[in-house]
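# Structural description and commentary
Take a look at the letters that make up each chain.
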Amino acid sequence: MAGWVDQTGFLAALEADARQALEALKPVHVPSRTTLFRPGDEAQSFVVLLSGRIGVYLTGRNGRELLLYSVTPGETCVQTTLGVLGGAPYSGEAVTESDVVAVMVPPAIFERLMASSPAFRSFVFKAFADRLNDLMFVLEQVAFVKVEERLAHALLERMDGEGIVELTHQELSVIIGTAREVVSRRLEALASKGLIENERGHIRLLQIDQLRLMAASR
């Protein structure tokens, strides 16, 4: 993928030297459902995501998982940034939610660009701040927002162009921070109201406008 930096609007402001350093790195394809890192792993690179979606999860002592945030093109991973900047091991687990294309920036190049490129440094810190806002959003959702509203938001955020959500009840429970049984009951309630259809292996959204009202009713 020649000239990949030029294809990413979020890196358009890079200086020539920084652009040249990054262009030398080759994008890699990572299949869906691949685990990129686990708790305790050491950071090996700074990830620049070009396409796809990555989920970063935290597992509690009781074994329950919670989605901390998702990474999409133009965004960065807080865990990776902290690991490369400060040498902190990962405390969460990152899994590709779809096929992804990414560039893995080695620590030596990352540190050089942070020191020499104001545009790259601005990109890293802005994306870092955005992820912290996502974490605050998760805390607010789990602490103060009803399950139905969190579920509607998760369904809308992950539907495809045909209103299909390719997630299991267990995966949805991780995303919104509740038990699978709770998600199953809430989905049955939505189906009884004609808002969705529970189909084998996926969920079809029927009344998207109503779900949007539900997701925004806090």
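Only a predicted model underlies this, so the values are computations on that prediction, with no experimental measurement involved. Numbers given to residues run from 1 along each chain, matching the order in which its sequence is written. Local features in a predicted model are, by the rule used here, given only for residues with pLDDT of at least 70; side-chain atom pairs are given and counted only at 80 or more, and totals for whole chains, interfaces and linings are based on all residues. Remark: hydrogens and water are excluded; side-chain values derive from all non-hydrogen atoms of the structure.

### Re the UniProt feature "domain: HTH crp-type" (unreviewed entry) in the protein
As a reminder of what qualifies: UniProt positions are given in the numbering used here, feature names are shortened, and annotations may be inferred rather than shown by experiment. Starting at the N terminus, helices and strands are each numbered in turn, a helix being any DSSP run of H or I of at least four residues and a strand any DSSP run of E of at least two.
Per the UniProt record, "domain: HTH crp-type" (unreviewed entry) is found at residues 145-209. Span residues 145-209 is 54% helix and 15% strand, its end C-alpha atoms 19 Å apart.

### Section: the environment of Cys77
Under the convention used in this document: Accessible area is worked out with a 1.4 Å probe on protein chains only. A residue is then buried under 20% of its type maximum, exposed over 50%, and partly exposed in between. Residue contacts follow a heavy-atom distance rule, with two residues in contact if any of their heavy atoms lie within 4.5 Å.
Here Cys77 lies in the loop between β5 (65-71) and α2 (78-86). What makes Cys77 buried here is its relative accessible area of 8%. A C-alpha to C-alpha distance of 17 Å links Cys77 and Val28, two positions 49 residues apart in sequence. Not counting the four nearest positions on each side in its chain, Cys77 is found in contact with Phe37, Val56, Tyr69 and Val71.

### Some words on the nonpolar core
Rules: By convention a nonpolar core is built from buried Ala, Val, Leu, Ile, Met, Phe, Trp, Tyr and Cys residues, the set being connected through side-chain atoms within 4.5 Å.
Leu22, Phe46, Val105 and Phe120 are the most contacted members of the largest nonpolar core, which has 40 residues in total. Within the residue set of this core, elements represented by two or more residues are α1 (16-23), β3 (46-51), β4 (54-59), β5, α2, β7 (100-105), α3 (107-116) and α4 (118-144). By size, the runner-up hydrophobic cluster in this structure holds 27 residues, among which are Leu155, Leu187, Met214 and Ala215.

### Remarks on the sheet that holds strand β8 (residues 164-165)
Threshold: Note: two strands are recorded as paired if DSSP finds a minimum of 2 bridges between them.
Reading across from one edge, β8-β10-β9 is the order of the three strands in this open sheet, with antiparallel pairing throughout. The open sheet is flanked by β8 and β9 (196-199), the only strands paired with a single partner. Alignment of β8 against strand β10 (residues 202-205), held across two bridges, turns out to be antiparallel. Its bridge partner being in β10, Ile164 is matched across the sheet by Arg204.

### Quick look at helix α7 (residues 180-192)
Put simply, the test is: The span one expects for a helix is its residue count, reduced by one, times 1.5 Å.
With 13 residues, α7 should reach 18 Å at 1.5 Å per residue; the first-to-last C-alpha distance of 18 Å fits that figure. For α7, the complete set of buried residues consists of Val182, Val183, Ser184, Leu187 and Leu190. Buried residues in α7 make contact with α5 (147-158), α6 (169-176), β9, β10 and α8 (208-215). Backbone geometry just after α7 places Gly194 at a positive phi near 80°.

### Focus on the sheet that holds strand β2 (residues 35-37)
Adjacent strands of a sheet pair through backbone hydrogen bonds, lying either parallel or antiparallel. Operational definition: To get an axis, a line is fitted to the C-alpha atoms, and for a helix only the part in contact is used. The angle between two axes follows their N-to-C directions and goes from 0 to 180 degrees.
Strand order across the open sheet formed by four strands is β2-β6-β4-β5, with antiparallel pairing between neighbours. Whereas interior strands pair on both sides, the edge strands pair on one side only; in this sheet they are β2 and β5. Going from strand to strand, the sheet's axes swing by 30° on average, the running direction of each strand aside. Where α6 meets the sheet, it contacts β4 and β5, and its direction lies at approximately 80° from that of β5.

### Quick notes on the packing of aromatic side chains
Stated precisely, the cut-off is as follows: Side-chain rings of Phe, Tyr and Trp (the six-membered ring for Trp) are treated as a pair once their centres are within 6.5 Å; stacked means planes under 30 degrees apart, edge-to-face means over 60, and tilted covers the remaining angles.
A complete count under the given rule lists six aromatic pairs for this structure. Plain terms: the ring middles of Phe37 and Tyr90 are 3.6 Å apart, the flat faces sit at 5° to each other, and that makes the pair stacked. Taken together, the positions of Phe37 in strand β2 and Tyr90 in the loop between α2 and β6 (93-96) put the pair 53 residues apart, joining distant regions of the chain. The two residues Phe37 and Tyr90 agree in class, both being buried. A ring pair is formed by Phe46 and Phe110, whose centres lie 4.7 Å apart and whose planes are at 35°; its orientation type is tilted. In this pair, Phe46 is assigned in strand β3 and Phe110 in helix α3, connecting sequence segments 64 residues apart. Judged by its relative accessible area of 1%, Phe46 is buried. On the accessibility criterion, Phe110 (0% relative accessible area) is buried. Pairwise contacts between aromatic rings join Phe10, Phe46, Phe110, Phe120 and Phe123 into one cluster.

### Re the pairing of β10
With four bridges connecting them, β9 and β10 associate as antiparallel partners. In the strand pairing of β10, Ile196 is matched with Leu205. Between β9 and β10, which follow one another and run antiparallel, lie two residues, and Gly201 among them has a positive phi close to 85°.

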